[in-house]
Each structure stands twice: as C-alpha cells, then as structure tokens.
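# Structural features, examined
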Amino acid sequence: MGTTLAKPYKISRPIFPSAISLNHLKRSEKMSFLGCPADLLYLILVVNWQCWLKAQAAATTSPFQPPISETELSLATPTAMGANSIINEIHTFDPVSWSLKTSTTATPHSRSDLSKRTRLACAYKSAVFIYARRVLRPENPAHHPSVPIAQLAAQVIADIRTIPTRDPLFKCIVWPTFISGAETRAPAQRDVVRSLLRDLWLELRSENIANAASVLEEIWDGADRGREGEIGRAHV
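Only a predicted model underlies this, so the values are computations on that prediction, with no experimental measurement involved.

### Some words on the overall build of the chain
Looking only at helices and strands, one finds twelve helices and zero strands in the chain. In sequence order, the secondary structure elements of the chain are arranged as α-α-α-α-α-α-α-α-α-α-α-α. The buried share of the chain, reckoned over its 236 residues, is 45%. Of the contacts made within the chain by residues no fewer than 6 positions apart, 72% connect residues no fewer than 24 positions apart.

### A look at the packing of helix α9 (residues 174-181) against helix α11 (residues 207-224)
α11 packs onto α9 with a crossing angle of 10° between their chain directions and a minimal axis gap of 10 Å. Between α9 and α11, the angle falls in the class roughly parallel. On α11, the residues that touch Val174, Phe178 and Gly181 of α9 are Ile209, Ala212, Val215, Leu216, Ile219 and Trp220. For the contact of α9 with α11, the class distribution of residues is eight nonpolar, one polar and no charged.

### Some remarks on the environment of Ala83
Structurally, the position occupied by Ala83 is in helix α5 (residues 83-92). Between the C-alpha atoms of Ala83 and Val47, which are 36 residues apart in sequence, the distance is 8.7 Å.

### Focus: the side chain of Thr184
Note on placement: Thr184 falls in the loop between α9 and α10 (187-204). Within polar-contact distance, the side chain of Thr184 engages the backbone oxygen of Gly181 at 2.8 Å. Reaching out from Thr184, the side chain makes a polar contact with the side chain of Trp220 at a distance of 3.3 Å. The contacts of Thr184, once residues within four sequence positions are left out, are Ile157, Gln189, Arg190, Val193 and Trp220.

### A few points about the packing of helix α7 (residues 111-136) against helix α8 (residues 149-160)
The interhelical angle for the contact between α7 and α8, taken along N-to-C directions, is 150°, at an axis separation of 8 Å. When the axes of α7 and α8 are compared, the pair comes out roughly antiparallel. As α7 runs across α8, the sense of the crossing is left-handed. Contact residues: Arg119, Cys122, Ala123, Ser126, Ala127, Phe129, Ile130, Arg133 and Arg134 in α7; Ile149, Leu152, Ala153, Gln155, Val156, Ala158, Asp159 and Ile160 in α8. In the contact of α7 with α8, the residues fall into eleven nonpolar, two polar and four charged.

Rules and cut-offs
- Residue indices begin from 1 for each chain and proceed along its sequence in written order.
- Given that the model is predicted, a residue must reach a pLDDT of at least 70 before its local features are reported, and side-chain atom pairs must reach 80 or more before they are shown or counted; all residues, however, enter totals for whole chains, interfaces and linings.
- To get the side-chain values, take all heavy atoms of the structure and skip hydrogens and water.
- The way it works is that DSSP assigns letters per residue, a run of H or I at least four long becomes a helix, a run of E at least two long becomes a strand, and they are numbered from the N terminus.
- Exposure classes here rest on a 1.4 Å probe applied to the protein chains alone. A residue is buried below 20% of its type maximum, exposed above 50%, and partly exposed in between.
- Between two residues, a contact is recorded if the distance between any of their heavy atoms is within 4.5 Å.
- Axis lines are fitted through C-alpha atoms, for helices just across the contact stretch, and the angle between N-to-C directions can take any value from 0 to 180 degrees.
- The labels follow the angle: roughly parallel below 35 degrees, roughly antiparallel above 145, roughly perpendicular from 65 to 115, and oblique for the rest.
- Residues were grouped as follows: Ala, Val, Leu, Ile, Met, Phe, Trp, Tyr, Cys and Pro as nonpolar; Asp, Glu, Lys and Arg as charged; and all remaining residues, including Gly, as polar.
- Pairs of N or O atoms within 3.5 Å make up the polar contacts considered here, provided that, within protein, one atom can donate a hydrogen while the other can accept it, and that residues adjacent in sequence are counted only when both atoms are side-chain atoms.
- Note on convention: near helix rotated counterclockwise from far helix by under a right angle means a left-handed crossing. Clockwise means right-handed.

Spelled out as structure tokens, the structure:
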C-alpha cells in the first residue's frame, strides 16, 4: 500500500522492474504466497516505475534522490513498454490458469480453495487494470473496449466478498479493496468497503489499513464536494 498512497516525488525510488525481479517474484510466490499473483505484482512495479519516471522527467522528484543510473535504465527494460502494452499484459493474465498452477501434487488445493484463489486473482487483475488506467492514461483506450472502471470496481468488491473473513486469503485483499474503494460513489458500496477494512483491521491491526481507510474518506469527501479530479490525482 505504501507506494500506492504516496506521491511519486515524496517516496524513495521504487524497485525498478526487470527480468531478474520477475524471477524473484515468481520464486517468492511459490515459497510464500502473499496474495497478488507474481505476474500482476510485476506489472504493478512497472506502473510504479513509469509513474516515478514521469515525475523525474517533470523535475518533481526530491532533490535528495540521486539521478537514475545508466545501469538501472538498461536493466529496467519494461520502461520502454507503452501504456497500451502494459494494459494488454494485464488483459492476457488468466486467473483460472494461474490458480490451477498454484496447486501441485505435493500441495494440492481443494475445489473450494481453487475457487477462492481464482476469485482473489480476478480481484487483483481488475484492480491492477484500474490502477494502470488511472496512472498511465493509455493513449488509445478505444483499443481496449473494456468494462467501465466503476463496473470493474464493483466486480472487485464482489470477488473479494466471496472470501470468508477467517480464510487466510482474506488477509491478502488490502490493496484491491483500496483501489476499488477509491472508485466507489454509491453510499452502500462505500459502506461495504468500510466494513471490509474494519474486518481487515480486526484481523491484522496494521497501520497500513488505517491509512488506507483515512485516504479513502478523503477521496470520497473530495468526490462529494466536486473535487474528484484534484483528489484523485493527488493519490494516484
């Protein structure tokens, strides 16, 4: 949540995405699954890096941060990916296939576990898509005749709500809950998001969750007061 909640010129340089970091993420996914599928987490890194590069180019980064080295630029090959290419990568991610791959003969998953993992992966896929669209603003959105963002956000919440509070996977939903929550406008949907964050707080007691809830209330207040664009840009 940290990078998502911070303005790009107020944070330390994000991890730059490379083939090496993707391999590390895939290895970590097998050893200690933390919720977000490795391929999607990698794309979040790509989006964060692109966002930081834009801030760097606009000379809005902190003067205390050293410039990007040639080595970093050469390793961070995905920085050459255009916004539409990143969106395409998100679209090609298959939650069902990913879920099946997480089940092995050594650690087989029940049908119920596979279903919950698939819904979690669906929630992350939609949330990453929303995040990328908001941050990168693809040049040709017509190339992606997708579901409206508000509808995607509602689907993220619906997928998340299929995961029981006491299930270990429930602890993995903080990021997609925040991303979808930032897009909600209906009072009933906002109450659902508040309830999810409250349950997460009771489970984890993490300051991250309290910060996310606070920022969401600010975003919602701004939207209600007609300052939606201003508030949204400040937290993307």
